[in-house]
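A structural walkthrough
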Amino acid sequence: MTIIEGLTSGFLQSISLSVLPYLAVGSIFGLVIGIIPGLSGHFAMAMAVTFLYTMEPGAGIAFLLGAHATVAQGGGLTAILFSTPGTGQNAATLLDGPPMRDKGLGGVAVGAAMASCFLGATFGAIVLAAMLPVLRSVVLFFGPPEVVMMAFLALTFVAVLGKEDLVRSLIAALLGLLMAMIGLDNVTNTERFTMGTLSLSDGLSLVPVILGLFAVAEMFDLWGTGGALARNVSKPLSARETQKQIFQGIGLAFKNWWLVIRCSSIGTVIGLIPGLGSAAASFVAYGHAKQTSKDKESFGKGNIEGIIGPESANDAVEGGALASTIAFGIPGSSSMAILLSGLFILGLETGPRMLNQHVDIVFIMIFTIIIGNLIGTIVGMFLVNPLSRATSIRAEVMVPVLMAVIVTGAYATDRSMFDIGVAVFFGIIGYMMKVLNYSRAAMLIGFVLGFSLEKNLYLSLLLDGNFFFLQPIPAALGLITIGFLAYNIWGIARDAKKG
């Protein structure tokens, strides 16, 4: 089957009555899952995969991938309106989303976030379609040495995230790397930093850590200060005003189309590399948005570019992740691993067989990402008003309700009471970091990248020796990293001299 034949067949199947209803149901299901803190894309797909046994391949793929495609949109809603990221990929949105809500611009932030998700997903899907003929050669360029240097490049964006206090941000990032080392060593299989606790042998789960650092810490702060979650808003917006703000935010996303394309490109490239994931992509995109902005000082205080950048990247990741999954059966994330099992249940096989004989299935995946995000954007618009009005409820009522949701989300990850303790512990840590002006985002990106960095560093030293970083691509990435750090240090020194 040729590319043109696959594209035509895939599109017609995607909008047919035998596939589109499953796509719509899966997309709405994923949006709802994304709104619930702690229940991420892989949870939505794990729930959806149980229904595949009686489905046709096209309907099954649309339902499974549709459930995953809209999770980021749902997570963006709660990250902005409740300071509680539905998923890890929405953590970077916490830096500018809640400040915009506090200014009475929650609808603008949500509109921009949903539109950016849709545009980023569309970009990633188009890139995936364009890359089909050259997937094999592109993915094979990135081995363990390239992943290590790419992770170091991502860590340098800590300098941008914490440019106001570079030292504190680097300390937080190093603490995040140390947190990632808790558990069994990748090579020797010996326990590290577990303090004899069996629950720590598998390391810290990402979702409870995120919920603690951001959501629980925010609840502590809200309980201490009192008032409502949206603190500077005198009264909730009417439904008409909220919808007006949403369309204004959508317009801003399209107005910043060049930023969307750049950050979507970042997300797609990172999605191609197994192990880095959308959380890292969103932080890298946030750093890029801040670095290239004309108004850097307003980042972290409610800059719309700080929402458009990461939200564009975290959905564009799926195009890149699908590329390596489809071409080689190498899942770029836990969600893609579940997708592989779903393809097996549906009787499909990845690799050359799919790229040659089932190109229509590949294009069903591509159109599922695009149409699913469009459905999520439309449905999400109707959820914004009731959710935004809830942010005006006083802390005495809101905090217990949100804490119950947060605790449920932490428990639901692995059905472990220990994870609830982890969330509360990191809530205390997050609150202290917020008071002492340490970057929680820097700690999180260090934690997220720590697993991939350590594993690929071991492989690089084993396969390529101590000077693996002198190979062409790693050397180029290393030079970019050094240049980026030097530029930021020079900027800080220049600003200090002016001051």
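Moving on, we get to the overall build of the protein chain. Scanning the protein chain from N- to C-terminus turns up 23 helices and 2 strands. Expressed as a percentage of the 499 residues in the protein chain, the buried residues total 58%. Surface summary for the protein chain: the accessible area is close to 20500 Å², and the carbon and sulfur share equals 69%.

Look at helix 12 (residues 206-225) against helix 21 (residues 417-436): their axes get within 6 Å of each other, and the N-to-C directions meet at 60°. Judged by the angle between their axes, helix 12 and helix 21 are oblique. Between helix 12 and helix 21 lies a crossing of right-handed hand. Contacts between helix 12 and helix 21 involve Pro208, Val209, Gly212, Leu213, Val216, Ala217, Glu218, Phe220 and Asp221 from the first element and Asp419, Val422, Ala423, Val424, Phe426, Gly427, Ile428, Ile429, Gly430, Tyr431, Met433 and Lys434 from the second.

This part takes up the confidence of the model for the protein chain. Averaged over every residue, the pLDDT of the protein chain is 78; residues scoring 70 or more account for 84%. Of all the helices and strands in the protein chain, helix 10 (residues 158-161) carries the lowest mean pLDDT, 56, while helix 21 carries the highest, 89.

Attention now moves to the environment of Ser278. With respect to the secondary-structure elements, Ser278 resides in helix 15 (residues 277-292). Ser278 sits in the buried class, given a relative accessible area of 14%. Sequence spacing of Ser278 and Glu318 is 40 residues, and the spatial spacing of their C-alpha atoms is 8.2 Å.

Right, let's talk about the pattern of salt bridges for a bit. Taken as a whole and assessed by the stated rule, the structure comprises 2 salt bridges. Arg101 serves as the salt-bridge partner of Asp102, at 3.0 Å between the closest nitrogen and oxygen. With a closest N to O distance of 2.5 Å, Glu454 and Arg192 form a salt bridge. Note that Glu454 is positioned in helix 22 (residues 440-464) and Arg192 in strand 2 (residues 191-192), a separation of 262 residues in sequence. Since its relative accessible area comes to 13%, Glu454 is described here as buried. Taking the relative accessible area as the measure of exposure, Arg192 reaches 16% and is therefore buried.

Taken together, the side chains of Phe220, Val424, Ile428, Tyr431, Met432, Val435 and Leu436 make up a nonpolar region of the molecular surface, amounting to roughly 580 Å² of accessible area. With 6 residues, the top contributor of residues to the nonpolar patch is helix 21. Its place among the elements puts Met432 in helix 21.

Before going further, it helps to spend a moment on helix 12. The terminal C-alpha atoms of helix 12, which comprises 20 residues, lie 28 Å apart, in line with the 28 Å expected from a rise of 1.5 Å per residue. In terms of burial, helix 12 is largely enclosed, as 15 of its 20 residues are buried.

Formed by 129 residues in total, the largest nonpolar core has its most connected members in Ile61, Leu204, Val209, Leu322, Leu339, Met354 and Met365. The greatest single-element share of this core, amounting to 15 residues, is contributed by helix 19 (residues 359-390).

What follows deals with the packing of helix 7 (residues 106-131) against helix 14 (residues 257-272). Where helix 7 meets helix 14, the closest approach of the two axes is 9 Å, and the angle between their N-to-C directions is 55°. The orientation of helix 7 with respect to helix 14, classified from their angle, is oblique. Along this stretch, helix 7 crosses helix 14, giving a crossing that reads as right-handed. Residues Leu119, Gly120, Phe123, Gly124, Val127 and Met131 of helix 7 touch helix 14, and the partners they reach there are Val260, Ile261, Ser264, Ser265, Thr268 and Leu272.

To continue, consider helix 22. Between its terminal C-alpha atoms helix 22 stretches 35 Å, which fits the 36 Å expected from 25 residues at 1.5 Å a residue. Maximum bend of helix 22: about 40°, positioned at Gly450. Just downstream of helix 22 lies Gly465, where phi reads positive at about 85°.

What counts as what
Residues numbered from 1 in each chain as written. Predicted model: local features only at pLDDT ≥ 70, side-chain atom pairs only at ≥ 80, totals over all residues. Heavy atoms only, no water. Helix = DSSP H or I, 4+ residues; strand = E, 2+ residues; numbered from the N terminus. Buried < 20%, exposed > 50% of the residue type's maximum accessible area, 1.4 Å probe, protein only. Areas by Shrake-Rupley, 256 points an atom, 1.4 Å probe, with all protein chains shown as cover. Axes fitted to C-alpha atoms, helices over the stretch in contact; angles between N-to-C directions. Parallel < 35°, antiparallel > 145°, perpendicular 65-115°, else oblique. Left-handed = near helix turned anticlockwise from the far one by under 90°. Contact = heavy atoms within 4.5 Å. pLDDT = per-residue confidence, 0-100. Salt bridge = Lys/Arg side-chain N within 4 Å of Asp/Glu carboxyl O. Patch = residues over 30% accessible without salt bridge, like charges linked within 9 Å, V, L, I, M, F, W, Y side chains within 5 Å. Expected span 1.5 Å × (residues − 1). Core = buried A, V, L, I, M, F, W, Y, C linked by side-chain atoms within 4.5 Å. Bend = angle between axes of the 7 residues up to and from the residue.

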